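# Report on the structure
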Amino acid sequence: MAQVEKRVSNLPATFEWEYAPAPEARDIVQIREQYGLFIGGEEVEPRTKEWFPSISPATEEPLFEVALAGEEDVALAVDTARNAFENGWSELAPSERAKYLFRVARLIQERSRELAVAESLDGGKPIRESRDVDIPLAAAHFFYYAGWADKLEYAFPNRTPRPLGVAAQIIPWNFPLLMLSWKIAPALACGNTVVLKPAETTPLTAMIFADICRQAELPPGVVNLVTGDGTTGAHLVRNDGIDKLAFTGSTEVGKLIMRELAGRNVKLTLELGGKAANVVFDDAALDQAVEGIVNGIYFNQGHVCCAGSRLLVQESIYEPLLEKLKRRLSTLRVGDPLDKNTDVGAINSKAQLEKIRELVASGEEEGAEIYQPKCDLPERGYWFVPTLFTNVAQSYRIAQEEIFGPVLSVLTFRTPDEAVEKANNTPYGLSAGVWTEKGSRILWMAQRLRAGVVWANTYNRFDPTSPFGGYRESGFGREGGRHGLEPYLRFDE
Ligand code: NAP
Ligand code: MG
């Protein structure tokens, strides 16, 4: 076996066959020139009279324009949501609410191909991921929470769960439709109405979702979508008509929001950044671990809050593991997000690309050793070669700060105690991974790792039944599972 592997790795690069292009049809999505705000079940022109473009990060071409919602627009959306809450939605029989959610779930499934292409065009992620991960999981969230809508008393026995009212929700650009689903599905299942702000660079699937709400005949005003930039988000946070705020994004903005809401009667959940450790012990199945490491950090270009961005390798297997990992890196195909063979797509925005470049430069300056496979990048668009750093000290910025790009920092450890200490040496606490054959070691590690999610012998696996969320600078509150209902309910006891 070892011999076969050796022979394969010594083959000249020219022997490897090229993949023929396998582009997904782009014309399955009819992109309009302009999208207004979605308020009260209708498309509304912004009072600001301002619009801004969304571009394709893979080509830099403008795709369409969306409205920039200002303070008045946000106030109108919140009032509309309040009205819909008080005049119907909160009184509706829970089993009827469930029917709407089931309908939305089925429509997401029916329109999954269109949504997948839209997601990849607008955000740059590979179609393979939007098709196989983002969109199916978005539908799964609606199915899952539809099931809870008429069983809330069973989720919280001996308590009386009631909806909060108007839920304001702000989401980032890395999983646009999935984050929308994580937010909207539990909020509606619990009987709330919603005002959601999509991220500036990725509003397209939210605009298609508005159409899905119409198709599902969701009562007007139950879901409202206000597109815009950070200022729109800030207006939503400041609006005094909201009862709940759910935010997913950076720790920096999360802190601003907490300050703004201090002393106000608004229930808050924050899903923020991370710098997760992916810990590989010497008894792990190395080839599987390599796949898990790659999936952990290069999935979605590393634009993943729970990405396994710090690899901790037990010293005794450092060399063979790194050799396998580097070889695997050289097989990753970077390029056109709409090509079904693409593994790593475009970086979501120019600003994000600059942030990644700056942190990678700091890694080189601080003394880490950089490895990047040979890789032809398209001429236009925002791209970054999958990168790994060795010789990384724990104090380096690339070991401390969230890069949110396809960049892995490799560190080593000798004993399980050292692994725990290094893994927990971060202000964040969102996720972690453990690779070992020993079940007892998995449990030992899981007890000690200060992270909301610990994956064992897998990574970046998501499931609507499983709660997700962080500790410390990664935020608080859980999304997913029965736990994900609680932030949208009050209990009059
Ligand atoms: P971000 O700048 O914090 O933006 C997140 C959202 O907040 C966007 O919709 C953004 O609008 C809006 N926003 C910006 N400034 C605001 C303000 N002052 N008040 C209210 N809203 C404001 O984060 P990002 O750079 O887009 O996203 C990446 C970050 O999200 C990473 O740190 C990542 O770890 C985190 N994230 C966490 C999770 C999780 O579940 N824990 C999941 C995904 C991402 P614009 O887009 O218009 O600027
Ligand atoms: Mg875009």
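Residues numbered from 1 in each chain as written. Chains lettered and ligands numbered in written order. Predicted model: local features only at pLDDT ≥ 70, side-chain atom pairs only at ≥ 80, totals over all residues.

## Comments concerning unusual backbone geometry
Positive phi values are uncommon outside glycine, yet N158 reaches one of about 65 degrees. For N158, the position within the fold is in the loop between α6 (152-155) and β6 (161-163). The exposed category is assigned to N158, around which 6 C-beta atoms lie within 10 Å. One non-glycine residue, N457, lies in positive phi territory at about 55 degrees. Among the structural elements, N457 can be located in the loop between β18 (453-456) and β19 (475-476). Note on N457: 16 C-beta atoms within 10 Å, which makes it partly exposed. (Helix = DSSP H or I, 4+ residues; strand = E, 2+ residues; numbered from the N terminus. Buried ≥ 20, exposed ≤ 12 C-beta atoms within 10 Å, placed from the backbone.)

## Describing helix α7 (residues 176-189)
Between the first and last C-alpha of α7 there are 20 Å, a value that for 14 residues agrees with the 20 Å anticipated at 1.5 Å per step. Burial analysis of α7 places 14 of its 14 residues in the buried class, which makes it a mostly covered element. Positive phi shows up at G191, right after α7, with a value of about 95 degrees. (Expected span 1.5 Å × (residues − 1).)

## Focus on the pairing of β18
Examined bridge by bridge, strand β17 (residues 431-435) and β18 share four bridges and lie parallel to one another. Bridge pairing in β18 links V434 to A456. Taken together, β17, helix α16 (residues 439-448) and β18 form a β-α-β motif whose crossover is right-handed. (Pairing = 2+ DSSP bridges. Right-handed = clockwise from strand over helix to strand, strands pointing away.)

## Some details on the packing of helix α3 (residues 94-110) against helix α5 (residues 127-148)
Helix packing for two helices is described by the angle between their axes and how far apart those axes are. Interaxial distance between α3 and α5 falls to 8 Å at its minimum, and their mutual angle equals 165 degrees. Accordingly, the angle class assigned to the pair α3 and α5 is roughly antiparallel. You can see that α3 and α5 cross each other, and the crossing is left-handed. Here A98, L101, F102, V104, A105, I108 and Q109 of α3 lie close against α5, whose contacting residues are I135, A138, A139, F142, F143, Y145 and A146. The class makeup of the residues in the contact of α3 with α5 is 13 nonpolar, one polar and no charged. (Axes fitted to C-alpha atoms, helices over the stretch in contact; angles between N-to-C directions. Parallel < 35°, antiparallel > 145°, perpendicular 65-115°, else oblique. Left-handed = near helix turned anticlockwise from the far one by under 90°. Contact = placed C-beta atoms within 7 Å. Nonpolar A, V, L, I, M, F, W, Y, C, P; charged D, E, K, R; others polar.)

## Here's the deal with the domain arrangement of the protein chain
Many descriptions give the size of an interface as the accessible area lost when the pieces come together. Under the domain assignment, the protein chain is made up of domain 1 (26-271 + 473-492) and domain 2 (277-461). Domain 1 and domain 2 are separated by 30 Å when their C-alpha centres are compared. Looking at the side of domain 1 that touches domain 2, the elements with two or more residues in it are α4 (112-123) and α5. (Domains from an automatic or database assignment.)

## Topic: the confidence of the model for the protein chain
Per-residue pLDDT for the protein chain averages 95, and the proportion of residues at 70 or more is 97%. Taken as a whole, residues 1-8 scores under 50 in pLDDT and shows zero contacts with residues more than four places along the chain or in a different chain. (pLDDT = per-residue confidence, 0-100.)

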